[in-house]
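So you can see what is in the structure, the chains are spelled out below.
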Amino acid sequence: MAKIIVDGVEVDVPPEYTLLQAAEAAGAEIPRFCFHERLSIAGNCRMCLVEVKGAPKPVASCAWGVRDCRPGPNGEPPQISTKSPTVKKAREGVMEFLLINHPLDCPICDQGGQCDLQDQAMAYGVDTSRFQENKRAVPDKYLGPLVRTSMNRCIHCTRCVRFTTEVAGVEDLGAIWRGEDMEITSYLEKALGSELQANVADLCPVGALTHKPEAFHYRPWELSKTDSVDVMDAVGSSIRVDSRGREVMRILPRVNEDVNEEWITDKARQIVDGLRLQRLDRPFVRENGRLRPATWQEAFAVIANRLKGTSPDRIGAIAGDLPAVEELYALKLLMQSLGVANIDARQDGTALSPAYGRGSYLFNSTIAGIEDADAILIIGSNPRIEASLVNVRIRKRWRVAPPPIAMIGENADLTYSYDYLGAGPETLADLVAGRHSFLEKLQGAQRPLIIVGQGALTCQDGFALLSLAAQLAQSIGAVKDGWNGFSVLHTAAARVGALDLGLVPGEGGLTAQAMAQGGVDVLFNLGADEIDIAPGPFVIYQGTHGDRGAHRADVILPGATYTEKSGTYVNMEGRVQMANRAAFAPGEAREDWAILRALSDVLGHRLPFDSLNALRQKLYAEHPHFAALDRVSPADAASAVQALAGIGGNPGRDSFASPVKDFYLTNPIARASGVMAECSALARELRLEAAE
Amino acid sequence: MAVRKLAPKEIQPKSFAFTPENEAFADQQIAKYPPGREASAIIAVLGKAQDQAGGWLPRKAIETVAAKLNMAPIRVMEVATFYTMFNLEPVGKYFIQFCGTTPCMLRGAGDIKKVLESRFGEQNHVSADGLFSWLEVECLGACCNAPMVQINDDYYEDLTTENFEKLLDDLAADRPVKPGPQSGRRSSEPFEAVSTLQDPSLFDGSMIGAWRKRFEEQAKPAETGEVAAEMASIPKEVKASKPTAGRAIESDAADTPAKRAKEGETPINPVDRKEASDPSTATKIEPRQEATDKPAPQSSKSYVATPSKPGEGKPVPTSPTTPEAGTPPAQAETRRDGSESKPDVVIDKDNTPS
């Protein structure tokens, strides 16, 4: 630790701290534009100048280390001043220079009201400019469908360049020309090729990069802000949903060091228009092959009629990827009360089951724990599109000091280099049998991490593969005291919560696939849109969008999306998080637990709760870990891995293929979004180009 | 700085590939750096690509270099656009870089520029016959022969409107021209009669140590103490340290303007002058060659040592650098230059200069 005196306050900070960090530790505020905690230091905006005693000029505090400061003549700690007249004058000077070429178009700028430059000009600037000459003009750039540019406003902090290069791992953005002519652009103005690109607009301290889909739609002070979690993938990124009236206007990331740091994927951010398009806003009933609008009573009556006289073993329920724990629990209770054992939340047929213990299906290492891993094996997953922020963590780990990383599955561009071992189960079997050199690297590692993806688990004999992976984990000591490196990577936000609840076929029950292929006569479909249901069964679809599930439905019960209800989601680590209501569901759509409660009444099996709180009370009593919000309840992974390893079996020969075929169109909300459709088309084009 | 832009799509070539020699050159450059640091060779490789492509960098060349160096195209683009020596639009067969910086400007670069403008129009435009294009650049470091231009790889100096017109005519007519001063003088020797360095004593060795003698004479009053001791250590007889070291300037064999002046001849050797204006003996300018086979200039040193502390030995300012208005410098209260913390600086505020 090093002592330093900031404005007369002596603080003890790690010597590798920069002066800026030290000043913040001492409670002093330092304005900055180019500096960002998660990016490399550029030191080019000069806004963070402070006075170091003994230095002839003010120094950029973001790029000056505490350990680089000389002590005083008698060995006193170095002194810096953040409030002296020199510093004030220096800041005013820098601000005046920055504003020389910055247009005064705040009234028509989308960044107005949330602009670092605006705020800091108010706080640290002067009220006049001495600059009489013409401002420079820069042509706007095309950077794709998500980022709108107004390059006159750019102050060349290069945060966007550093983000795409360092965090997103695609070297798309750069600064061309030089000096006054410097311009930020992509090569030949191609669209950015990252699934995290919209974060650059968040990072932009001025209005040069703004969000294109929501351009000119709102002013930030008009929005009411709701903290929530994202359900587009199983990462469970922390988000803030900003709404105006009934309408969600935008989604922003929230800082959560354990999960998403402060990034979110483009899908999490830009499905906003999908929340209002293609919505089911009233119940529908199929009559003579056509769906017609109906009242709730009619819809419930049709269901009650159809269920009457159907034996419980001809009734089934499938839960999809987006429902919250509350409605899954209500569904489970309802099916129990009807005596139905055919219930499954694994519409993709993944080989995961609570029977082997909670540790058998969680991302046990935790996402933040990836940074501690010293050897990583990815089996049957493309984390970049299945869970982009997990990929960001692996890349972050890789950038610190590349650990051995290997991949069995699709040979995709993950933005970091890895050893490609093979495409399918045979390679995994070779590895387990010790016929592969990568095994030595795994065995040599202190904290090896095995990531098993859905690409492997949805294969023909997923359990045999899971068992192989568990055997491997055991043989390399991936599960031990203080480290649990057996991690399952999920793609569905509702999956872990459903498995925690035990939404898998009971004794003699049918799996989702068997039910969809006609194993039942009446199928209750709770938001499962990624499964094809064969003609035959009477399908009750409860969901939010007129998507695949609704097209096949005989009765449609309109529900609420994750921004329209308070719901619990469990991410792939097993972290229980709460999504909150930012807006109301459209038309007659209702919160999903309430629909199930009302239906149970009509069916004569009234569920034992009348309010969400009562439901949660019962839920927490039965499954106490759901009450521990934002925490990961420890799972006994050692016994789970032991149990999995014991399954055995012969895996098939099919090579692993990621279940996510199109990153932008993985769920009904995303498929309803025009922005996502545009991104998807563009990504397809880029892929074709790359394939050439 | 001139406004630069990328060449329009229509004139971008469809493909670019290094010739085998240039490929070998690129590999040789890359081999200078450790594995994974291929990007360090970018300027050399881009320069070679520019030579091969006819003096400018087409898009495909940038992409080829990017692929060769394992870099993203935008990273190569950043470098190619940063340095003005990389041309992004086609240039003429004779690419004239005209120096317009102060010394050249004072010596008549304006007239040269007028010639260029009248013959070829605006800069950055290739003439209709494809032979010429010109660009105003910053100092090319040949101020002693100002005004000057660089045509492809050679300097043409001591220009006047007449000899520059003639030079351009010769180039246009494919006649041989001679690089270097166009006035007839040799390199940067004195332009007219020699007026300096004429004292013969400068060259006979008698000046060596003269300052010390003068110093001795002035210091005579100080006979005692430290000064006297120091004086005593000074050798009484001053010798040239290496009288036979053979400095060119002392050797009669060298045909210097100074020697010629001493001997009463014209400072510029008439033979040289004649040679410079005789086209039959002149070399022909080499038009830009595609795939030049010149070996790369290699130096064992990659850097030039600079003094580590440029300000060493400078007197420490005794007055603050940012006094408050109206305060005599030494009495200023607010010293913001940081020197107040220097332990060895003592500020005596009463010691106002009278």
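Throughout this description, residue numbers start from 1 for each chain and increase along the sequence as written. A letter from A marks each chain and a number from 1 marks each ligand, given out in the order of writing. Given that this is a predicted model, residues contribute local features only at a pLDDT of at least 70 and side-chain atom pairs are listed and counted only at 80 or more, while totals for whole chains, interfaces and linings are drawn from all residues. Here the side-chain values reflect all heavy atoms present in the structure, with hydrogen atoms and water set aside.

- You'll find chain B entered in an unreviewed UniProt entry as NADH-quinone oxidoreductase subunit E, with Microvirga aerophila given as the organism.
- UniProt positions are given in the numbering used here, feature names are shortened, and annotations may be inferred rather than shown by experiment. According to its UniProt record, chain B has this under Sequence similarities (unreviewed entry): "Belongs to the complex I 24 kDa subunit family."

- As annotated in an unreviewed UniProt entry, chain A carries the name NADH-quinone oxidoreductase and is attributed to Microvirga aerophila.
- Under the UniProt heading Sequence similarities (unreviewed entry), the entry covering chain A gives this text: "Belongs to the complex I 75 kDa subunit family."
- What UniProt records for chain A under Catalytic activity (unreviewed entry) is the sentence "a quinone + NADH + 5 H(+)(in) = a quinol + NAD(+) + 4 H(+)(out)".

Brief notes about the packing of helix α8 (residues 325-338) of chain A against helix α18 (residues 592-603) of chain A
Helix-helix packing: each pair is described by the crossing angle between the helix axes and the interaxial distance.
All names here are of chain A.
Here is step 1 of the chain: Two elements in contact, α8 and α18, have axes whose closest approach is 8 Å; the angle formed by their N-to-C orientations is 15°. In terms of orientation, α8 lies roughly parallel with respect to α18. The chirality of how α8 crosses α18 is left-handed. Of the residues in α18, those in contact with E327, A330, L331, L334 and L338 of α8 are D592, W593, L596, L599, S600 and L603. For helices, the fitted line uses only the C-alpha atoms of the stretch in contact; every axis is such a line through C-alpha atoms, and the angle between N-to-C directions lies from 0 to 180 degrees. Numbering of helices and strands starts at the N terminus; helices are DSSP runs of H or I of at least 4 residues and strands are runs of E of at least 2. With respect to orientation, any angle under 35 degrees is reported as roughly parallel, any angle over 145 as roughly antiparallel, any angle of 65 to 115 as roughly perpendicular, and every other angle as oblique. By the definition used in this description, the sense in which the near helix is turned from the far one sets the handedness, with an anticlockwise turn below a right angle giving left-handed and a clockwise turn giving right-handed. What makes two residues a contact is simply this: any of their non-hydrogen atoms within 4.5 Å.

Section: the UniProt feature "domain: 4Fe-4S His(Cys)3-ligated-type" (unreviewed entry) in chain A
Here is step 1 of the chain: Per the UniProt record, "domain: 4Fe-4S His(Cys)3-ligated-type" (unreviewed entry) is annotated on residues 86-125 of chain A.
Here is step 2 of the chain: Taken end to end, residues 86-125 of chain A has its terminal C-alpha atoms 14 Å apart, with 60% of it in helix and 0% in strand.

Remarks on empty space enclosed by the protein
Residue and element names in this part refer to chain A.
Here is step 1 of the chain: Definitions used throughout: a 1 Å grid over protein atoms alone; a cavity as a set of points that fits a 1.4 Å probe which cannot get out; a pocket as an open set with protein on both sides within 12 Å along at least five of seven lines; a lining residue as one with an atom within 4 Å of a point. Grid points are joined across faces, edges and corners, and a volume is the space filled by probe spheres set on the points. Scanning the model with the defined rule gives nine cavities of 30 Å³ or more in all.
Here is step 2 of the chain: By volume, the largest cavity amounts to about 170 Å³.
Here is step 3 of the chain: Broken down by secondary-structure element, the contributors of at least two residues to the lining of the largest cavity are β25 (538-543) and α21 (668-672).
Here is step 4 of the chain: In terms of residue count, β25 provides more of the lining of the largest cavity than any other element does, three residues in total.
Here is step 5 of the chain: Under the grouping applied here, Gly and all other residues not named as nonpolar or charged are polar, the nonpolar ones being Ala, Val, Leu, Ile, Met, Phe, Trp, Tyr, Cys and Pro and the charged ones Asp, Glu, Lys and Arg. Of the residues assigned to the lining of the largest cavity, the class counts are 10 nonpolar, five polar and four charged.

Thoughts on the pairing of strand β13 (residues 284-287) of chain A
All names here are of chain A.
Here is step 1 of the chain: Both β13 and strand β14 (residues 290-293) contribute to a ladder of four bridges, which runs antiparallel. Of the residues in β14, the one forming a bridge with E287 is R290.
Here is step 2 of the chain: Between β13 and β14, which follow one another and run antiparallel, lie two residues, and N288 among them has a positive phi close to 50°.
Here is step 3 of the chain: Of the strand pairs in this sheet, β13 and strand β26 (residues 555-558) are connected by two bridges, and their pairing is antiparallel. DSSP-based pairing: two strands are paired if at least 2 bridges between them are found.

With respect to the nonpolar core
Residues and elements named next belong to chain A.
Here is step 1 of the chain: What is meant by a nonpolar core is a set of buried Ala, Val, Leu, Ile, Met, Phe, Trp, Tyr and Cys residues, joined one to another through side-chain atoms within 4.5 Å. The classification of residues rests on relative accessible area computed with a 1.4 Å probe and restricted to protein chains. Under 20% of the type maximum is buried, over 50% is exposed, and intermediate values are partly exposed. Counting 115 residues, the largest nonpolar core has I4, V390 and Y562 as its most contacted members.
Here is step 2 of the chain: At five residues, helix α4 (residues 159-168) tops the list of elements feeding residues into this core.
Here is step 3 of the chain: With 85 residues, the next largest nonpolar core counts Y329, V452, I540 and I595 among its residues.

Some thoughts on the layout of surface pockets
Here is step 1 of the chain: In this structure, the largest pocket occupies an estimated 1,500 Å³ of space.
Here is step 2 of the chain: Lining the largest pocket we find 45 residues, and of these G193, R384, D413, L686 and A690 of chain A sit closest to its centre.
Here is step 3 of the chain: Looking at the lining of the largest pocket, the elements with two or more residues in it are α9 (383-386) and α22 (674-691) of chain A together with α3 (59-68) and α4 (73-82) of chain B.
Here is step 4 of the chain: Among the elements that line the lining of the largest pocket, the one with the most residues is α22 of chain A, at eight residues.

Focus on the domain arrangement of chain A
Residues and elements named next belong to chain A.
Here is step 1 of the chain: Examined at the domain level, chain A breaks down into domain 1 (2-98), domain 2 (130-276), domain 3 (284-353 + 494-632) and domain 4 (369-389 + 398-487 + 634-660).
Here is step 2 of the chain: Here domain 2 and domain 3 have C-alpha centroids that lie 36 Å from each other.
Here is step 3 of the chain: The interface is formed by 24 residues belonging to domain 2 together with 22 residues belonging to domain 3.
Here is step 4 of the chain: Reported buried area values correspond to the accessible surface (1.4 Å probe) lost by two parts on association, with both partners' losses combined. Buried area between domain 2 and domain 3, summed over both chains or domains, comes out near 1,700 Å², and the portion from carbon and sulfur atoms is 56%.
Here is step 5 of the chain: Only one rule defines a salt bridge in this text: a Lys or Arg side-chain nitrogen within 4 Å of an Asp or Glu carboxyl oxygen. At the boundary of domain 2 and domain 3, one finds one salt bridge.
Here is step 6 of the chain: Put simply, D258 and R575 hold a salt bridge, and the shortest N to O gap is 3.6 Å.
Here is step 7 of the chain: Contacts described as polar in this section are N or O atom pairs within 3.5 Å, which, within protein, must combine one atom able to donate a hydrogen with one able to accept it, while residues neighboring in sequence count only if both atoms come from side chains. Where domain 2 touches domain 3, the interface holds eight residue pairs in polar contact (both at pLDDT 80 or more).
Here is step 8 of the chain: Every element with two or more residues in the side of domain 2 that touches domain 3 is listed here: β10 (224-229), β11 (238-244) and β12 (247-253).
Here is step 9 of the chain: Partitioned by chemical class, the residues of the side of domain 2 that touches domain 3 number 13 nonpolar, seven polar and four charged. Throughout, the edges of the domains are those of an automatic or database domain assignment.

Notes on unusual backbone geometry
All names here are of chain B.
Here is step 1 of the chain: P147 follows A146 through a cis peptide bond whose omega is -5°.
Here is step 2 of the chain: Here P147 is to be found in the loop between β2 (132-137) and β3 (149-151).
Here is step 3 of the chain: Phi is positive for N124, which is not a glycine, with a value near 70°.
Here is step 4 of the chain: As for its placement among the helices and strands, N124 is situated in the loop between α6 (109-120) and β2.
Here is step 5 of the chain: Of note in this structure, N152 is not a glycine but carries a positive phi near 50°.
Here is step 6 of the chain: Tracing the chain through its elements places N152 in the loop between β3 and β4 (154-157).

Notes on the sheet that holds β12 of chain A
Residues and elements named next belong to chain A.
Here is step 1 of the chain: One open sheet holds the three strands; their spatial order is β10-β11-β12, and the pairing between them is antiparallel. Looking at the sheet topology across the chains shown, the edges are occupied by β10 and β12. Across the sheet, the mean angle separating the axes of adjacent strands is 30° when strand polarity is ignored.

A look at helix α16 (residues 512-519) of chain A
Residue and element names in this part refer to chain A.
Here is step 1 of the chain: Residues A512, M515, A516 and G519 constitute the buried set of α16. Seen from one end, α16 has its buried residues packed into an arc of 165°, which puts them on one side.
Here is step 2 of the chain: Tucked into the core, α16 has its buried residues touching β15 (315-319), β16 (342-344) and β24 (522-526). In this description, the arc belongs to the directions extending from the helix axis to the C-beta atoms.

As for the UniProt feature "domain: 4Fe-4S Mo/W bis-MGD-type" (unreviewed entry) in chain A
Here is step 1 of the chain: Sites flagged by UniProt as "domain: 4Fe-4S Mo/W bis-MGD-type" (unreviewed entry) map to residues 223-279 of chain A.
Here is step 2 of the chain: In the segment residues 223-279 of chain A, helix accounts for 9% and strand for 35%; the C-alpha atoms at its two ends are 22 Å apart.

As for the interface of chain B and chain A
Here is step 1 of the chain: Taken together, the contact pairs 23 residues of chain B with 24 residues of chain A.
Here is step 2 of the chain: A buried area of about 2,000 Å², summed over both sides, lies between chain B and chain A, and 62% of it is on carbon and sulfur atoms.
Here is step 3 of the chain: Counting across the interface, chain B meets chain A through one salt bridge.
Here is step 4 of the chain: A salt bridge links R75 of chain B to E171 of chain A, with the shortest nitrogen-to-oxygen separation between them at 2.8 Å.
Here is step 5 of the chain: The interface formed by chain B and chain A holds seven residue pairs in polar contact (both at pLDDT 80 or more) in total.
Here is step 6 of the chain: Those elements giving two or more residues to the side of chain B that touches chain A turn out to be α3 and α4 of chain B.
Here is step 7 of the chain: In terms of residues, the side of chain B that touches chain A owes the most to one element, α4 of chain B, which gives seven residues.

Remarks on helix α19 (residues 612-622) of chain A
Residues and elements named next belong to chain A.
Here is step 1 of the chain: Within the span of α19, buried status applies to L612, L615, R616 and L619. Summarising the axial view, the buried residues of α19 lie within an arc of 95°, below the 170-degree limit, and thus occupy one face. Across α19 from its buried face, at more than 90 degrees, point the exposed residues N613, Q617 and A621.
Here is step 2 of the chain: Tucked inside the fold, the buried residues of α19 contact α8, α15 (495-501), β27 (567-570), β28 (576-579) and α18.

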